[in-house]
Amino acid sequence: MDLVIEKKNTLKGEITIPSDKSISHRAIMFSSLAKGKTLVKNFSKGADCHSTLKVFSELGIEHKFLDEQTLEIISDGKLKAPLKDLDCGNSGTTMRLMSGILAARNFNSVLTGDESLSKRPMKRVIEPLSLMGAKIESKDNKAPLKIYGKELNSIDYTSKLSSAQVKSCILLAGLNTKGITSYTEPFVSRNHTELMLEYLGADIMVNDTTTKITKSELEAKDIEIAGDISSAAFFIVAGLIVPNSDIIIKNVGLNPTRTGILEVCEKMGANIEILDKRLLGKEEVGDLRIRTSNLKATVIEGDVIPKLIDEIPVIAVLATQAEGETIIKDAQDLRNKESDRITATVKELQKIGADIEETPDGFIIRGKKHLKGDAEVETYHDHRLAMSLYVAGLICEKPIKINEFQWVNISFPEFEELMNKLF
Ligand code: S3P
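Residues numbered from 1 in each chain as written. Predicted model: local features only at pLDDT ≥ 70, side-chain atom pairs only at ≥ 80, totals over all residues. Heavy atoms only, no water.

Q: For this particular structure, what's the right way to read the sheet that holds strand 13 (residues 210–214)?
A: Across a sheet, strands are paired by hydrogen bonds formed along the backbone, either parallel or antiparallel in direction. The mixed open sheet is built from four strands, whose spatial order is 10-11-13-12. Two strands bound the open sheet, and with one partner strand each, they are strand 10 (156–158) and strand 12 (203–207). Here the strands of the sheet are splayed against their neighbours by 15° on average, with no regard to which way each runs. Pairing of strand 12 with strand 13, which is carried by five bridges, proceeds in the antiparallel orientation. Paired with asparagine 207 across the bridge in strand 13 is threonine 210. Across the sheet, helix 5 (residues 164–175) is in contact with strand 11 (180–184), strand 12 and strand 13; its angle to strand 11 comes to roughly 175°. Along the sheet, helix 6 (residues 192–199) makes contact with strand 12 and strand 13, crossing strand 12 at roughly 140°. (Pairing = 2+ DSSP bridges. Helix = DSSP H or I, 4+ residues; strand = E, 2+ residues; numbered from the N terminus. Axes fitted to C-alpha atoms, helices over the stretch in contact; angles between N-to-C directions. Contact = heavy atoms within 4.5 Å.)

Q: So what exactly am I meant to see when it comes to the site of the ligand here?
A: The immediate surroundings of the ligand are formed by Lys21, Ser22, Arg26, Thr93, Ser163, Ala164, Gln165, Arg190, Ile309, Asp310 and Lys337. At 2.6 Å from an oxygen atom of the ligand is found a side-chain nitrogen or oxygen belonging to aspartate 310. A total of 380 Å² of accessible area belongs to the ligand in isolation, and the protein chains cover 95% of it. Looking at the shell around the ligand, the elements that each hand over two or more residues are helix 1 (21–33) and helix 5. In terms of residue count, helix 1 provides more of the shell around the ligand than any other element does, three residues in total. Looking at side-chain class alone, the shell around the ligand contains two nonpolar, four polar and five charged residues. Mapping the shell around the ligand onto the domain boundaries places at least three of its residues in each of domain 1 (3–19 + 226–421) and domain 2 (21–224). (Near = heavy atom within 4 Å. Polar contact = N/O pair within 3.5 Å; in protein donor to acceptor, adjacent residues only side chain to side chain. Areas by Shrake-Rupley, 256 points an atom, 1.4 Å probe, with all protein chains shown as cover. Nonpolar A, V, L, I, M, F, W, Y, C, P; charged D, E, K, R; others polar. Domains from an automatic or database assignment.)

Q: Please clarify how the domain arrangement of the protein chain should be interpreted in this entry.
A: For interface size, the figure often reported is the accessible area lost on association. Splitting the protein chain by domain gives domain 1 (3–19 + 226–421) and domain 2 (21–224). When each unit is reduced to the centre of its C-alpha atoms, the spacing between domain 1 and domain 2 is 28 Å. Of the residues lining the interface, 27 residues belong to domain 1; the matching set on domain 2 comes to 28 residues. Of the roughly 2500 Å² buried where domain 1 meets domain 2, counting both sides, 50% is carbon and sulfur surface. Where domain 1 touches domain 2, the interface holds four salt bridges. The closest approach of N and O atoms between arginine 190 and aspartate 310, which form a salt bridge, is 3.2 Å. Here the side of domain 1 that touches domain 2 is built from residues that sort into seven nonpolar, nine polar and 11 charged. (Buried area = accessible area lost by both parts, 1.4 Å probe. Salt bridge = Lys/Arg side-chain N within 4 Å of Asp/Glu carboxyl O.)

Q: Explanation requested: the side chain of asparagine 403 in the structure shown.
A: Relative to the helices and strands, asparagine 403 is located in the loop between strand 24 (400–402) and helix 12 (415–421). Residue asparagine 403 is classed as buried on the basis of its relative accessible area, which comes to 8%. At 3.0 Å, the side chain of asparagine 403 forms a polar contact with the side chain of glutamate 376. Leave out the neighbours within four places in its chain, and asparagine 403 touches Met1, Asp2, Glu376, Val377, Glu378 and Thr379. (Buried < 20%, exposed > 50% of the residue type's maximum accessible area, 1.4 Å probe, protein only.)

Q: How do you make sense of the sheet that holds strand 15 (residues 246–253) when you look at a structure like this?
A: Taken in spatial order, the four strands of this open sheet run 2-15-17-16, and their pairing is mixed. Where the open sheet ends on each side, the last strands, each with one partner, are strand 2 (12–16) and strand 16 (271–280). Taken over all neighbouring pairs, the strand axes of this sheet differ in orientation by 15° on average, direction set aside. As paired strands, strand 15 and strand 17 (residues 283–291) are joined by six bridges and run antiparallel to one another. The partner of isoleucine 249 across the bridge, within strand 17, is leucine 288.

Q: Would you mind going over the environment of leucine 71 with me for this structure?
A: Along the chain, the position of leucine 71 falls in strand 5 (residues 70–76). Separated by 93 residues in sequence, leucine 71 and alanine 164 have C-alpha atoms that sit 25 Å apart. Excluding its chain neighbours within four sequence positions, the residues that come into contact with leucine 71 are Ile28, Thr38, Leu39, Val40, Phe43, Leu53, His63, Lys64 and Phe65.

Q: It is not clear to me how the packing of helix 9 (residues 312–319) against helix 11 (residues 383–393) should be interpreted in this structure. Could you clarify?
A: The geometry of helix 9 relative to helix 11 is characterised by a closest axis approach of 8 Å and an angle of 15° between their N-to-C directions. Considering the angle they form, helix 9 stands roughly parallel to helix 11. The two elements helix 9 and helix 11 meet at a crossing, and its hand is right-handed. Here helix 9 contributes Pro313, Val314 and Val317 to the contact with helix 11, which in turn contributes Ser388, Val391 and Ala392. (Parallel < 35°, antiparallel > 145°, perpendicular 65-115°, else oblique. Left-handed = near helix turned anticlockwise from the far one by under 90°.)

Q: Any chance you could explain the packing of aromatic side chains here in plain terms?
A: Centre-to-centre distance and the angle between the planes together describe a pair of aromatic rings. A full pass over the atoms with the stated rule returns nine aromatic pairs. Between tyrosine 390 and phenylalanine 405 the ring centres are 5.7 Å apart and the planes differ by 40°, which places this aromatic pair in the tilted class. Here phenylalanine 405 lies in the loop between strand 24 and helix 12 and tyrosine 390 lies in helix 11, a separation of 15 residues in the sequence. For tyrosine 390, a relative accessible area of 4% gives the class buried. A ring pair is formed by tyrosine 390 and phenylalanine 415, whose centres lie 4.9 Å apart and whose planes are at 85°; its orientation type is edge-to-face. A residue pair is termed long-range when its members are at least 10 positions apart, and tyrosine 390 in helix 11 and phenylalanine 415 in helix 12 qualify at 25 residues. Note on phenylalanine 415: relative accessible area 0%, which makes it buried. Lying over the aromatic face of tyrosine 148, lysine 135 brings its terminal NZ or CZ to 4.1 Å of the ring centre. In this arrangement the basic side chain of lysine 221 is found over the ring face of tyrosine 199, its NZ or CZ atom lying 4.4 Å from the centre. (Phe/Tyr/Trp six-rings, centres within 6.5 Å; stacked < 30°, edge-to-face > 60°. Lys NZ or Arg CZ within 6 Å of the ring centre and 35° of its normal.)

Right under this line is the structure:
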C-alpha cells in the first residue's frame, strides 16, 4: 500500500497510545511459562506479538481472545515439543528471547523468520548460550536456528552490547538452569523482563548493570500492558514540529529505561508536560501534553542510546527542525535492526531535502531546514522507517509518496487512524 502525505498546518486533539510491543511479547512468554490462568489486558495488535502467540500455540499453550485485546492463557507451565518449525516472522524479539527459553528445554526445535529476520545477527545469543552448554546449529549465525534442547549450566556473562534482547535471552535460559546466572551489560537496556519476572515471583536481583537469576517457577498473575512509548514517539515528534500544535497522548509507558526520547527532547528545549504519572503493575505510565516548540540541536550518545534505540529514525526527523548541528553517536547497532536504519534514514531524508550525513555509528544533522518534499520514499520493509517518513511528510512543502506503507502493521496497525484524529 502506497501512501501520499501532505503538509499539515496544525495538530490538535487527544489520542490513546496502544499496547507496548516489548511488554506484550513478554506477557505471552512468561504467562505461558507460569502455571495457571492469566488474563493479559491491552495486548498488542501488531503482527510481531501475534508471531510470539503463534509460536506458543505450536508449543502446546492454549490461548483464547476474550475480546480483541484481552487474552486468556491457560498453562501447566510445561512446553511441548513442536511438530513444526517455529516461525518468528519479522520479530527479532521473538527469535532472540525464544532461543533462551528453548535452549534449556528437553526437546529440539527450529526457529525461522522472514527475509529480513533471516539476515539479522544471532551470534549475540548463540555465543553466550553456547557458553552455558547449549547446542544450536545455524548457517553463519543466522536463522534458521536449530536448537537441541538440554540442561544448561549457569554462567557469569559480561556482554559488549547493551541489548535487552540478549539480556532477556540469557535470563530466560537462567530461569530454567541450576545455579545463579549473572548477566552484565555496558549500559542499562530496557528492563521489562526483569520487572515482569519479579512480578511473577522469579528469584531475580538487579544491581545497576548486573542482573542475577536463579532457577524459579513462575506463578500466573494478570498482566495489564502500558502504551508503547516507541509508538508515542511519532506523535511526540509530530506535535513538536507541525506548527500550531497542541496534543495530548494518553497511556504512555514511562519506564525510565525507555524514556530517552523525553530526556533528549527536554535538552532540545521541547515543550512537553507529563500528566498523571501512575503505576501499571511494576511499569510507570502517564499522559503527555505536546506543543509546537522552538528546538535547539544536541548531542545524543552513550548511556541514553539503549533508552531510545528504536526512536532514533524519528529523532533524526526532529533534529532537521532544530537550530544547529545534532550529532547522534554510539548507535552502530541500528545497522542490525529491521533495516540498516542509519543508511536508510539518511538516504530517504536526503531525498526530501534534509541536511543529514551518515557516520559509522550514527548521524550528523544540520537544522533548521525547510523540507521540500516532492519525492517518492521507501520503507525498506521497516515499520519504524515508514512511520518516521510519515511524520517528516507532515512538514514537507510538497507532498511525499511513501511506498509499501503497510509495514506499519508490524508494530502499530492503528497508526494512521490515530494520526487522522489529530488533523
Ligand atoms: C527489544 C529490544 C531492542 C529493540 C527492539 C525490542 C525488546 O533491541 O530494538 O525493538 O523487546 O527487548 P535490542 O535490545 O537488541 O537493542
